[in-house]
Amino acid sequence: MSPQHFALAWSVLFASALIGGTALKLWLAQRQQRHVLAHREAVPAPFRDSISLEAHQKAADYTVAKLRFGLWTTLFSAMIVLVWTLEGGLHLLNTWVSSTFGTALGGQLALLVAFAVIGALLDLPWDIARTFGLEARFGFNRQTPRSYALDLLKNTLVSAVLMLPLALLVLWIMQVAGGWWWLWAWAGLTAFSLLMMVVYPLVIAPLFNKFQPLPDGEVKTRAQALMQRCNFALSGLFVMDGSRRSAHANAYFTGMGAARRVVLFDTLLGQLSPAQIEGVLAHEVGHYKRHHIRKRMVVMFGVSLAGFALLGWLSNQVWFYVGLGVMPNLFAPNHALALILFSLVLPVFGVFFSPLAAATSRKHEFEADAYAAQHSDARALGEALVTLYRDNASTLTPDPMYVRFYYSHPPALQRLERLGALPEAAPNSTHTPATA
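Quick caveat, the model's predicted, so the values are computed rather than measured.

Visitor: Which residues make up the pattern of salt bridges, and what are the values?
Guide: What the rule picks out here adds up to 13 salt bridges. We note a salt bridge from D216 to K220, for which the minimum N-O separation is 3.1 Å. D216 sits in the exposed class, given a relative accessible area of 69%. The residue R415 makes a salt bridge to D369 at a minimum N-O spacing of 2.8 Å. One end of the pair, R415, is in helix α16 (residues 412–419); the other, D369, is in helix α13 (residues 354–375), and 46 residues separate them in sequence. One exposure class covers both R415 and D369, and it is buried. Three or more residues are tied together by salt bridges with common partners; here these are E218, R222, R229 and E278.

Visitor: How would you sum up the environment of L53? Please name residues and give values.
Guide: Inspection of the secondary structure assignment puts L53 in helix α2 (residues 53–84). Separated by 13 residues in sequence, L53 and R40 have C-alpha atoms that sit 8.6 Å apart. Here L53 is in contact with R40, E41, A42 and V43, once residues within four sequence places are set aside.

Visitor: Let's hear about the sheet that holds strand β3 (residues 251–254): which residues, and what values?
Guide: If you walk across this open sheet you meet the four strands as β1-β2-β4-β3, and the pairing is mixed. Two strands in the sheet have a free side with no partner beyond their single neighbour: β1 (211–213) and β3. Pairwise comparison of adjacent strand axes, ignoring direction, gives a mean angle of 30 degrees for this sheet. Bridging between β1 and strand β2 (residues 237–240) involves three bridges; their strand directions are antiparallel. Within β2, the residue paired with F211 across the bridge is M240. Docked against the sheet, helix α9 (residues 274–289) engages β3 and β4 (261–265), running at close to 35 degrees with respect to β3.

The rules we used
Residues numbered from 1 in each chain as written. Predicted model: local features only at pLDDT ≥ 70, side-chain atom pairs only at ≥ 80, totals over all residues. Heavy atoms only, no water. Salt bridge = Lys/Arg side-chain N within 4 Å of Asp/Glu carboxyl O. Buried < 20%, exposed > 50% of the residue type's maximum accessible area, 1.4 Å probe, protein only. Helix = DSSP H or I, 4+ residues; strand = E, 2+ residues; numbered from the N terminus. Contact = heavy atoms within 4.5 Å. Pairing = 2+ DSSP bridges. Axes fitted to C-alpha atoms, helices over the stretch in contact; angles between N-to-C directions.

The values reported here are purely geometric and, on their own, carry no functional implication.
Encoded structure:
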């Protein structure tokens, strides 16, 4: 098969995946919307004593609003990918950057920066609409235009400080390391990722939020006792001012080694009892004790290695560029072009593999719940989950197919059934708990 035929076949395959993936996303969103609306008028029987009809309907309306917003962003994203590739947008940008900055290392970096800046500007109106439109309409946004602009400026500066040297390093490796450049680039990015796990909680996160040591009291006492029971070492327990930006509540572990810490949103402390917070923390400890973090890192690094190896091969194939609407430089490097095109292609095909990643994540959540039930009060954890579902306006009635593709956490009913912490069903309920 000639290079022209390869390019044509690649164009058809890419266009088919883009159209098919977009259609799949829209179909799943429509399924989720119909399913949530069909169950909007009645709280599921096991939750009728713990979640009001008003809260249930707010969750349904919030879910549907996010889905409708997502329909537009999905279509817009597909259109942008099409314009960048088959419509020749990236070819035009590359032609302009090459004529302005040249094709040497500086010109390659300029192309990456120009592409990133344009992408950020295209995404900005959607993010503003989500923050000050969707989130504000349902009472979750706490940001002001001033604080939003300040965050945007900080994000831009931090991204520039971190990503420009990293991008320059990758481009330099691609230029000097020969046919095995992809292996060295992967090693560099892997080392950077591990370094960021230590640096982020200590240096970067404090630029955006205030972290105060967890004050003395029952929550701290329970948390410290839990860490001792689980033989889990921490550098500290902290409260983050999450309420500055959102009414959503959360808790998480961050960092690695000596930088490992527990962070509780201040909103979480106001919503849950000490016993419930202990259950949430026990769940997070379970992720570490069941080696989920390590497993995810191994998978992530393995997938990225395979991705770099694939990119190393594709970057030398003329049909890879031509089939995506870009004429590669014949007598100059195409390193930045290869990186950009690969970043555009991956999400197009990645949607078809999302059920596998989602299923693995839900399995890990079940395992972390089981660990929490062994080291804390399962009933308190169940109550905490119900409270968080209610206060975060998370739907209790998701579409099963939508769950398979997108849900990294199991639906509320499944989690509580596995925990053995399902609230008492309302009278005359026909629901029969599943066996674990």
